[in-house]
Amino acid sequence: MGIFSTVSKVVRRSKYFLLLLLSLSVLAWITNFSGETVKSILAPRATTQTFIRGDEMNSGTAEPDQSNTPIEKGECPQVSPLLKGAMNLSFASSLKLKDVESANKGVTEGEYEPSDCTSRQSVAILIPHRSREKHLLYLLHHLHPFLQRQQLHYAIYVIQQAGDATFNRAKLLNIGYLEALKDYGWECFIFHDVDLVPENDHNLYVCDKQPKHLVVGRNSTGYKLRYKGYFGGVTAMTREQFLQVNGFSNSYWGWGGEDDDLRVRVELQKMKILRPPADVARYTMVFHNRDSGNQINKYRMGLLSQTLQVWKKDGLNSCSYKTLSVERLPLYVNVTADIGKPQV
Ligand code: UD2
Ligand code: MN
């Protein structure tokens, strides 16, 4: 074998070797490329998001939410963790409206909503009123924190009877219902005497499947129900229940009867009055004498005997009045109305 044939053999072998090397690198490149492609199709976004979240967490700063999606609040718990049970109430003569306002900074124009959860019900508290300023102050002082502990979305409406004609509690409450619904679609209404302060926050200011009577007992009656069927003081009805009975009668001027008339309306609709347990449904009534302009209504028994005949045409659907002003004060909405005067 000559020198030339040896050289050409080496050249041929290295050609095969080079070819082999080239095909191997092409194969390696193809495998690598397709692997990356599969990986990126499977999870491109997840990878990016995980990275961003991790980055935010590491940086330790609260970055503003760029997405514009409102933060979802969960529903408030069935039983509020803020309830305190039976309380010793105070009625300091030195109490001022300013004190109550500064103790209730979360209340705006009489309205409050819990910030950390969505309330189970929206409740309007309606208080008929004339010349009982001190009682109103005591009630606001106790009722605002009481309702906030119950984690309610609520607003307080005070309905003032203008002038000095005989008082008409029931008509004022009809007006409160109609006026409050102009503001918001309240689901539940609490009809509330100005002088009754609840003693125990387990007495829930929410509505039920049936109308509720919240005053089983009060200090001045030894905490006993006054009589079977008694439906005065503080009651709770849903928007629909109150509409179904056509609200209160507008015809009771002066003291008495209007609460019994509402009970008759409720019973005519085959609704049943519910009451919380006696140890919970307790109130302190701030002492008072009978107001001038609210003398006993001597026609009340006669009116009560007519309820069955007149309830459909005497009530919410016939409540005529003139709203003189609606003032949105810090702690309540103050509605003043001219409600007319008794016809006899
Ligand atoms: C009872 C009932 C009340 C009502 C009334 C008869 C209880 C606890 N309450 O209350 O619901 O049925 O008998 O009408 O049983 N008011 C004023 N200014 C006045 C007069 C009355 O603001 O000049 C308002 C105030 O909200 C007061 C409510 O009307 O709480 C009831 O009047 P009341 O307190 O004089 O009558 P009372 O305690 O006998
Ligand atoms: Mn009273």
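Every value quoted in this text rests on a predicted model; they were computed, and no experiment measured them.

*Asks:* Any chance you could break down the coordination of the manganese ion (ligand 2) for me, citing the residues and the numbers?
*Replies:* In the first shell of the manganese ion (ligand 2), the protein supplies Asp195 (OD) and His288 (NE2), at 2.1 to 2.3 Å from the metal. Of this pair, Asp195 sits in the loop between β4 (188-192) and β5 (196-198) while His288 sits in the loop between β9 (282-285) and α8 (300-304), and the two are 93 residues apart along the sequence. Overall, Asp195 belongs to the buried group, its relative accessible area being 4%. We classify His288 as partly exposed; its relative accessible area is 25%.

*Asks:* Give a detailed account of helix α5 (residues 169-183), specifying residues and quantitative values.
*Replies:* Along its 15 residues, α5 runs 22 Å from first to last C-alpha, staying within 8% of the 21 Å computed at 1.5 Å per residue. Taken as a whole, α5 has its buried residues at Arg169, Ala170, Lys171, Leu172, Leu173, Asn174, Ile175, Gly176, Tyr177, Glu179 and Ala180. Its side-chain oxygen placed 3.4 Å from the backbone nitrogen of Ala170, Asn168 serves as the N-cap of α5.

*Asks:* Explain the state of the cysteines to me, and be specific about the residues and the numbers.
*Replies:* Within the structure shown, the criterion is met by 2 disulfides. Each sulfur of the disulfide joining Cys76 and Cys117 lies 2.0 Å from the other. Here the disulfide of Cys76 and Cys117 is right-handed, its torsion about the S-S bond being about 90°. Within this pair, whereas Cys76 is found in the loop between α2 (44-59) and α3 (97-103), its partner Cys117 is found in the loop between β1 (111-112) and β2 (122-129), the two being separated by 41 residues in sequence. Cys117 carries the same exposure label as Cys76, and that label is buried. The partner cysteine of Cys188 in its disulfide is Cys207, sulfur to sulfur 2.0 Å. The disulfide joining Cys188 to Cys207 has a torsion of about 75° about its S-S bond and is therefore right-handed. Linking Cys188 in strand β4 with Cys207 in the loop between β5 and β6 (212-213), this pair joins segments that are 19 residues apart in sequence. Under the relative-accessibility criterion, Cys207 is labelled buried at 9%. When the bonded cysteines of the protein are counted from the start of the sequence, the pairing works out to 1-2, 3-4.

Rules used in this analysis
- Residues numbered from 1 in each chain as written.
- Chains lettered and ligands numbered in written order.
- Predicted model: local features only at pLDDT ≥ 70, side-chain atom pairs only at ≥ 80, totals over all residues.
- Heavy atoms only, no water.
- Donors = N, O, S within 2.8 Å, 3.2 Å for Na, K, Ca; no water.
- Helix = DSSP H or I, 4+ residues; strand = E, 2+ residues; numbered from the N terminus.
- Buried < 20%, exposed > 50% of the residue type's maximum accessible area, 1.4 Å probe, protein only.
- Expected span 1.5 Å × (residues − 1).
- Polar contact = N/O pair within 3.5 Å; in protein donor to acceptor, adjacent residues only side chain to side chain.
- Disulfide = S-S within 2.5 Å.

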